[in-house]
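# Chain and residue survey
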Amino acid sequence: MSLTIEDASAMFPWNDEGFRADPYPAYERARAIAPVHRTTENTYVVLNHADTMHNAKLPCMRIAEPPSFAAAGEHPHPWTAFDNTVLSKDAPEHTRMRRLTNRWLTPKMIGTWARLTHDFTVETLDKLAPGEVVDAHFDLGVMPTHLTMCRILDMPVGDVEGMFWALWDAMLINATAPGEGIHARSLAGMNFMFAETERYVREKQSAEEPGNGLVDELLAAHGRGELTWREVLETTVLLYMSGGPNPAYLIGAGFKLFAERPDLMAEFREKPEIREAFVNELARLNPVELIITRFPNEDIEIQDVRIPAGSCIKYPIGAANRDPAVFENPNNFDHNRPPEASRNLTFGLGTHACAGQLLARAETSVILGLIAERYSSVELAGEPLEVRTDRLVAFDKLPVRLS
Amino acid sequence: MTVVHVLYGTESGNAEMVADDIVAAFRGQGFETVTAELTDVEVSDLAAMEIAVFVSSTYGEGELPETAAPFYDALMAERPDLTGVRFAAFGLGDSIYETFNNAIETLRRALLELGAEQIGTTAKHDAASTTPATELADAWTRDLLTLMPA
Ligand SMILES: Cc1cc2nc3c(=O)[nH]c(=O)nc-3n(C[C@H](O)[C@H](O)[C@H](O)COP(=O)(O)O)c2cc1C
């Protein structure tokens, strides 16, 4: 069935509050009509799991935006600040930049880092008075994971809340259709993150003794002329800012689930062997980044739709993650799904898959494990507050009582 | 006791994990195991190894991991006679790449060319599959053990 561009576009009201809060019914309706829709002259939306998993990671799916997509009007685009990182590079430059962090995030190293997360969480929990309300998002999601990242990088803790919201502001520009004033707000957020981070990195650079973190390794490579200053700085900002906010959403979703489903909390406590699958299912239902965008540099065909080179393809993560062709009762939490029906897009896929995903999964498992082991129940102490665009979601507040 | 050298090349630690899994599966089977990253292996030591298990991922565009490349380059430059050396091969890759598991093939071909003899089949883990590398490593090592009585 083929729709006009206008009809197809109307199915994805990217800026609508209702759609943003719950895009799943819209994805379902659109998927029932066709797995691929053309929503503007040169934009396509792919909704099914099989095609997404196959196509989104083909080497021809470039991450770098072709010049034809450069937003008209205000310049520079705030995210050009990350032009020298894995976020904007394709192979072979991408491979070179990716190698900078590989050694720090191996399956073996993750064990060491997750023990730190454990200790930071215990410190916070030990300070809670019985019945005291705690913000599960900030105090138990952002903080322990950010502190862990600070240790990996050997960076100071910094202004965690200020940086969290600066990142949020910076991300706003990535909405499909950002509104008025967003460009300036995004640029301000980006500038704040970079200024704060650069100040700390400069301090490290001029310290008598080098530290022992990933950033010190980047600085040493810079000293040998192997990395430019921008490469050092941009990669540092990227890591420094991703350590807390991203896993925090997954962790927060876990707290919400524990509050709604005490039975699942009990199972998490009693069966450590299910924790990996449990966290994966939590990730499937609660992606943080909501759309993967790629620009094929060759003509390709997906489900008989011919997509010319240079087009923009949107792969909504939530659409693939809840495709009923793969996931039975896709909206239900079920950590017992077989392996072939549990692969999801939450951490991306292929060459550009999240480099920190093992860390985020381990941190989530450790924090939720501690909660399940120390407490018998999680109770929401107020309505959880979320902020959303069509591209991103975060908790603002998630007050809970642990008992 | 026969010494089995488990030699790995890795970018992000998966091959290292597989090397550990292989060593674990060898435990209690009557072998002594030594694990080393290919960065730390001298080509000249290879000829003296009775049994070597090579584990390597593929990276970039079909290349060996960056830290394993010097070993391979030295191997091709020095071309030692490896007659009498027996080896097994375990690769890690992702079938989305046309160069799926190129690196272990590259290593394997070089070793055969220099006179080494392969034991068992070449394992090729696929990151796009749902099988964890650890599981494949376990099963593959168990098969391997049937071919090499202690
Ligand atoms: C940047 C990048 C390039 C890759 N290139 C290839 C490739 O050319 N062929 C292949 O089979 N796998 C490729 N892979 C997949 C890896 O080999 C696979 O993820 C493996 O599990 C990594 O193991 P390691 O952590 O030991 O390096 C690539 C992965 C990345 C991140």
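The present account deals with the structure reproduced in this document. (Residues numbered from 1 in each chain as written. Chains lettered and ligands numbered in written order. Predicted model: local features only at pLDDT ≥ 70, side-chain atom pairs only at ≥ 80, totals over all residues. Heavy atoms only, no water.)

## Some thoughts on the sheet that holds strand E12 (residues 399–402) of chain A
Residues and elements named next belong to chain A. For clarity, the cut-off: A pair of strands is considered paired only if DSSP assigns at least 2 bridges between the two. Put simply, DSSP marks the helices as runs of H or I at least four residues long and the strands as runs of E at least two long, and each gets a number from the N terminus on. The axes are straight lines fitted to the C-alpha atoms, using for helices just the contacting stretch, and the angles between their N-to-C directions are given from 0 to 180°. Whether two residues touch is decided by their heavy atoms; if any such pair falls within 4.5 Å, the residues are in contact.
An order of E4-E12-E9 is seen for the 3 strands of this open sheet, with the pairing classed as antiparallel. Each end of this open sheet is capped by a strand with a single partner; those strands are strand E4 (133–135) and strand E9 (378–380). The average angle at which neighbouring strand axes cross in this sheet is 40°, direction not considered. Direction of pairing for E9 relative to E12: antiparallel, over a ladder of 3 bridges. Its bridge partner lying in E12, Val-378 is registered against Leu-402. Here helix H7 (residues 138–153) sits on the sheet in contact with E4 and E12, set at roughly 45° to E4.

## Things to note about the interface of chain A and chain B
Our working rule: Using a 1.4 Å probe, buried area is obtained as the accessible area two parts lose upon being combined, added over both of them. By salt bridge we mean one thing: a side-chain nitrogen of Lys or Arg within 4 Å of a carboxyl oxygen of Asp or Glu. Between N or O atoms, a polar contact is any pair within 3.5 Å; within protein, one atom must be a potential hydrogen donor and the other a potential acceptor, and residues adjacent in sequence are included only when both atoms are from side chains. Residue polarity is assigned by list, with Asp, Glu, Lys and Arg as charged and Ala, Val, Leu, Ile, Met, Phe, Trp, Tyr, Cys and Pro as nonpolar; anything else, Gly included, falls into the polar class.
Counting from both sides, the interface comprises 19 residues of chain A and, opposite them, 23 residues of chain B. Note on chain A versus chain B: buried area summed over both sides is about 1,600 Å², and carbon and sulfur give 49% of it. Taken together, the links from chain A to chain B amount to 6 salt bridges. With its nearest N and O atoms 3.7 Å apart, the salt bridge here joins Glu-16 of chain B to Lys-108 of chain A. The tally of links from chain A across to chain B stands at 10 residue pairs in polar contact (both at pLDDT 80 or more). For the side of chain A that touches chain B, the leading source of residues is helix H5 (residues 93–102) of chain A, giving 4 residues. The residue makeup of the side of chain A that touches chain B, split by class, is 7 nonpolar, 5 polar and 7 charged.

## Let's talk about the pairing of strand E10 (residues 385–388) of chain A
Residue and element names in this part refer to chain A. Two elements, E10 and strand E11 (residues 393–397), share 4 bridges in a ladder whose sense is antiparallel. Of the residues in E11, the one forming a bridge with Arg-388 is Val-393. Where E10 hands over to E11, the hairpin turn is made up of 4 residues, counted between the paired strands.

## Remarks on the site of the ligand
Worth spelling out the cut-off: One heavy atom suffices: a residue is near a molecule or strand as soon as one of its heavy atoms comes within 4 Å of it. Each accessible area is a Shrake-Rupley estimate made with a 1.4 Å probe; only the visible protein chains count as cover when residues are assessed.
As a matter of local geometry, the ligand sits amid 20 residues, with Thr-10, Ser-12, Ala-15, Thr-58 and Thr-99 of chain B nearest to it. Residues close to the ligand are split across chains A and B. Between the ligand and Glu-11 of chain B, the relevant distance is 2.8 Å, taken from an oxygen atom to a main-chain nitrogen or oxygen of the residue. In the model, an oxygen atom of the ligand is placed 2.6 Å from a nitrogen or oxygen of the Thr-58 of chain B main chain. Protein coverage of the free-state accessible area of the ligand, which is 650 Å², stands at 93%. Looking at the shell around the ligand, the elements that each hand over two or more residues are helix H1 (14–26) and strand E4 (86–93) of chain B. Of the residues contributing to the shell around the ligand, the split by class is 5 nonpolar, 12 polar and 3 charged.

## Notes on the pattern of salt bridges
Residues and elements named next belong to chain A. Within this structure, the stated rule accounts for 31 salt bridges over all chains. Salt-bridge contacts for Glu-93 lead to Arg-96; the nearest nitrogen and oxygen are separated by 3.2 Å. Here Arg-96 and Glu-93 lie together in helix H5, a separation of 3 residues that amounts to about one turn. Three or more residues joined by partner-sharing salt bridges are found here, namely Glu-93, Arg-96 and Glu-231.

## Looking at the sheet that holds strand E2 (residues 43–46) of chain A
Residue and element names in this part refer to chain A. The sheet built from 5 strands is open, its strands ordered E1-E2-E8-E5-E3 with mixed pairing. Where the open sheet ends on each side, the last strands, each with one partner, are strand E1 (36–40) and strand E3 (61–62). Summarising the sheet, strand E5 (residues 291–296) and strand E8 (residues 312–316) pair through 4 bridges and their orientation is antiparallel. When the bridges of E8 are listed, Thr-293 appears paired with Lys-314.

## Considerations on the environment of Glu-267 of chain A
Residue and element names in this part refer to chain A. Inspection of the secondary structure assignment puts Glu-267 in helix H13 (residues 262–270). Each C-alpha atom, one on Glu-267 and one on Ala-372, is 8.9 Å from the other, the two residues being 105 residues apart in sequence. Those residues in contact with Glu-267 that sit more than four places away from it in its chain are Ile-274 and His-335. Only 3.0 Å separates the side chain of Glu-267 from the side chain of His-335, close enough to count as a polar contact.

## What to know about the packing of helix H6 (residues 107–127) of chain A against helix H16 (residues 357–374) of chain A
All names here are of chain A. For clarity, the cut-off: Crossings are classed by handedness, with left-handed meaning an anticlockwise turn of the near helix from the far one by less than a right angle and right-handed meaning a clockwise turn.
Running from amino to carboxyl end, H6 crosses H16 at an angle of 35°, the nearest separation of the two axes being 9 Å. By crossing handedness, the relation of H6 to H16 is classed as right-handed. Taking contact as the criterion, the partners of Pro-107, Ile-110, Trp-113, Ala-114, Thr-117, His-118, Thr-121, Val-122, Leu-125 and Asp-126 in H6 are, on H16, Leu-358, Leu-359, Ala-362, Glu-363, Val-366, Ile-367, Leu-370, Ile-371 and Arg-374. Of the residues that constitute the contact of H6 with H16, the class distribution is 13 nonpolar, 3 polar and 3 charged.

## Some remarks on the packing of aromatic side chains
For the record, the criterion: Classification of ring pairs uses Phe, Tyr and Trp, with its six-membered ring standing for Trp, and accepts pairs whose centres are within 6.5 Å; under 30 degrees between planes counts as stacked, over 60 as edge-to-face, and the remaining range as tilted. Each residue is assigned to one of three classes by its accessible area relative to the maximum for its type, calculated with a 1.4 Å probe on protein chains only: buried under 20%, partly exposed between the two thresholds, exposed over 50%.
Summed over the entire model, instances satisfying the criterion amount to 17 aromatic pairs over all chains. Judged by centre distance (6.4 Å) and plane angle (80°), the ring pair of Phe-54 of chain B and Phe-87 of chain B falls under edge-to-face. A residue pair is termed long-range when its members are at least 10 positions apart, and Phe-54 of chain B in strand E3 (residues 51–57) and Phe-87 of chain B in strand E4 qualify at 33 residues. For Phe-87 of chain B, a relative accessible area of 1% gives the class buried. Each residue in the set Phe-12, Trp-14, Phe-19, Tyr-24 and Tyr-27 of chain A is aromatic and connected to the rest through ring pairs, giving one cluster.

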